[in-house]
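Residues per chain are reported as follows:
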Amino acid sequence: MTEAGQVAGVAPGVVTQAPGDAPDSAIVRCENLVQIYGMAGQQVTALRGVDLTVTAGETVALLGPSGAGKSTLLWLLAGLLRPTAGLVEVCGRRLTDIKPGAATNMRLREVGIVMQNPGRNLLAYETALGNVLFAQAPTRRTRSVKHRRSLALLEAVGLGPVAGRPAGRLSGGEQQRLAVAIALANGPALLLADEPTSQLDSASAAVVTGLLQAANEDLGTTIIVVTHDQQVGQAFGRTVTIRDGKVGAVGHAGEDYLVVARDGSVQLPPELLDVLPPGTLARAVRLGDGVELRRADVERG
Ligand SMILES: Nc1ncnc2c1ncn2[C@@H]1O[C@H](COP(=O)(O)OP(=O)(O)O)[C@@H](O)[C@H]1O
Ligand SMILES: [Mg+2]
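Reference entry: report on the structure contained in this document. Computed from a predicted model, the values in this text were never measured in an experiment.

Thresholds applied
Residues numbered from 1 in each chain as written. Chains lettered and ligands numbered in written order. Predicted model: local features only at pLDDT ≥ 70, side-chain atom pairs only at ≥ 80, totals over all residues. Heavy atoms only, no water. Pairing = 2+ DSSP bridges. Helix = DSSP H or I, 4+ residues; strand = E, 2+ residues; numbered from the N terminus. Contact = heavy atoms within 4.5 Å. Axes fitted to C-alpha atoms, helices over the stretch in contact; angles between N-to-C directions. Donors = N, O, S within 2.8 Å, 3.2 Å for Na, K, Ca; no water. Buried < 20%, exposed > 50% of the residue type's maximum accessible area, 1.4 Å probe, protein only. Near = heavy atom within 4 Å. Polar contact = N/O pair within 3.5 Å; in protein donor to acceptor, adjacent residues only side chain to side chain. Areas by Shrake-Rupley, 256 points an atom, 1.4 Å probe, with all protein chains shown as cover. Nonpolar A, V, L, I, M, F, W, Y, C, P; charged D, E, K, R; others polar. Salt bridge = Lys/Arg side-chain N within 4 Å of Asp/Glu carboxyl O. Expected span 1.5 Å × (residues − 1). Arc of directions from axis to C-beta.

Concerning the sheet that holds strand E3 (residues 42–55)
Move 1: If you walk across this open sheet you meet the four strands as E3-E2-E5-E6, and the pairing is antiparallel. Here the strands that pair on one side only, and so sit at the sheet edges, are E3 and strand E6 (93–94).
Move 2: Packed onto the sheet, helix H1 (residues 70–77) meets strand E2 (26–39), E3 and strand E5 (85–90) and runs at close to 120° relative to E2.

Spelled out as structure tokens, the structure:
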């Protein structure tokens, strides 16, 4: 992969955010996170220095093209993968330091996960109801409370009528909705979901998005969702666009902002790359409230 669009400098209207300057209420903190996969002598750099802080109670949509590193970031936050370099803190734990057992415990009790492949989130031979019950095994709830909660969650995702069907026999979309119910079963402090609406029609996608918002509003669950769906993205408080293994942009209240990385680099939005294609020499011109980038080869005067 290339470092396309990496241009040093600051454009007007940029919101600056000091890396490592995390508020105390941060539930997720990533600093200079790097992930390199090694495959048969060939290395793939999936993340190349991600800085991201998420405050408890926030809802964040991770956007970005396929292969940008979104799933990798989610796996690192879930403690399913150890980063090649950098720091990850989730729910007050430094995931680079804890034992695998502690990461498992965190996933059982505090962090709900919906993986990209719906089938990976469930026990195929167990019924839909049995899956949501099983997820609550680590809790101290009584059997009848677990049962009631499971049925309520299945109803909420529109799976009430198929509660008794083995999960492996549900359609891809039904499995996806079941995965969301399982992930919310223990009222997690943090929910990580990787494209949870990719196989749903817009009505079902709206139901799932509504359920995530309700978990956020009623229980204070922090939500981080990878999505291609504009509607899902807009329903969330903040969007973070990952491009080429870096945080390329942050969106809030309908405005998109560039992010100045710790090395001073800024990713230009792809739609501006026809003006400043990768490899272009540019001049950074200081303005009163920012910096303007000008192509050096077409400058006049
Ligand atoms: N297990 C793996 N082994 C090797 N390369 C991987 C692995 N998982 C992901 N990658 C590569 O890492 C990059 C980022 O992948 P991923 O995090 O899945 O991106 P996204 O979810 O944004 O599509 C891609 O180039 C992908 O091919
Ligand atoms: Mg992915």
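Brief notes about the coordination of the magnesium ion (ligand 2)
Note on metal geometry: ideal angles are 109.5 degrees for four donors arranged tetrahedrally and 90 or 180 degrees for six donors arranged octahedrally.
Move 1: Around the magnesium ion (ligand 2), the protein contributes the donor atoms Ser71 (OG) and Gln116 (OE1), at 2.1 to 2.5 Å from the metal centre. In this pair, Ser71 sits in helix H1 while Gln116 sits in the loop between strand E7 (111–114) and helix H3 (128–135), placing the two residues 45 residues apart along the sequence.
Move 2: A relative accessible area of 38% places Gln116 in the partly exposed class.

Section: the site of ligand 1
Move 1: For ligand 1, the set of nearby residues contains 13 residues, the closest of which are Gly67, Gly69, Lys70, Ser71 and Thr72.
Move 2: Here an oxygen atom of ligand 1 sits 3.0 Å away from a polar atom, N or O, in the main chain of Gly69.
Move 3: In this structure, Ser71 approaches ligand 1 through a side-chain N or O atom, which is 2.9 Å from an oxygen atom.
Move 4: For ligand 1, the protein covers 67% of the area, taking 560 Å² as the surface of the free molecule.
Move 5: For the shell around ligand 1, the secondary structure elements donating two or more residues are E2, E3 and H1.
Move 6: In terms of residues, the shell around ligand 1 owes the most to one element, H1, which gives three residues.
Move 7: Tallied by class, residues from the shell around ligand 1 come to seven nonpolar, five polar and one charged.

Concerning the pattern of salt bridges
Move 1: Evaluated as defined, the whole model comprises nine salt bridges.
Move 2: For Glu31, the salt bridge identified is with Arg29, shortest N-O distance 2.6 Å.
Move 3: Across the salt bridge formed by Glu110 and Arg93, the nearest N and O atoms sit 2.7 Å from each other. Here the residue Glu110 occupies a position in the loop between helix H2 (100–109) and E7, and Arg93 occupies one in strand E6, the gap between them amounting to 17 residues.
Move 4: For Glu110, a relative accessible area of 24% gives the class partly exposed.
Move 5: The structure contains a network of salt bridges with shared partners spanning Arg29, Glu31, Glu89 and Arg94.

Remarks on the pairing of strand E12 (residues 255–258)
Move 1: Bridge count for strand E11 (residues 246–252) against E12 is four bridges, and the pairing is antiparallel. In the strand pairing of E12, Gly251 is matched with Asp256.
Move 2: Two successive antiparallel strands, E11 and E12, enclose a turn made up of two residues, where Ala253 displays a positive phi of approximately 50°.

Considering helix H4 (residues 143–156)
Note: α-helices contain 3.6 residues per turn, so residues at a spacing of three or four share the same orientation.
Move 1: For H4, spanning 14 residues, the distance from its first C-alpha to its last is 20 Å, which sits close to the expected 20 Å at 1.5 Å a residue.
Move 2: Every buried residue of H4 is accounted for by Lys146, Ser150, Leu153 and Leu154. On an axial view of H4, the arc spanned by its buried residues comes to 100°, and they lie on one face. For H4, the exposed residues set more than 90 degrees away from the buried face come down to Arg148 and Glu155.
Move 3: Against the buried residues of H4 lie H3 and helix H5 (172–184).
Move 4: Positive phi appears at Gly158, one or two residues downstream of H4, with a value of about 75°.

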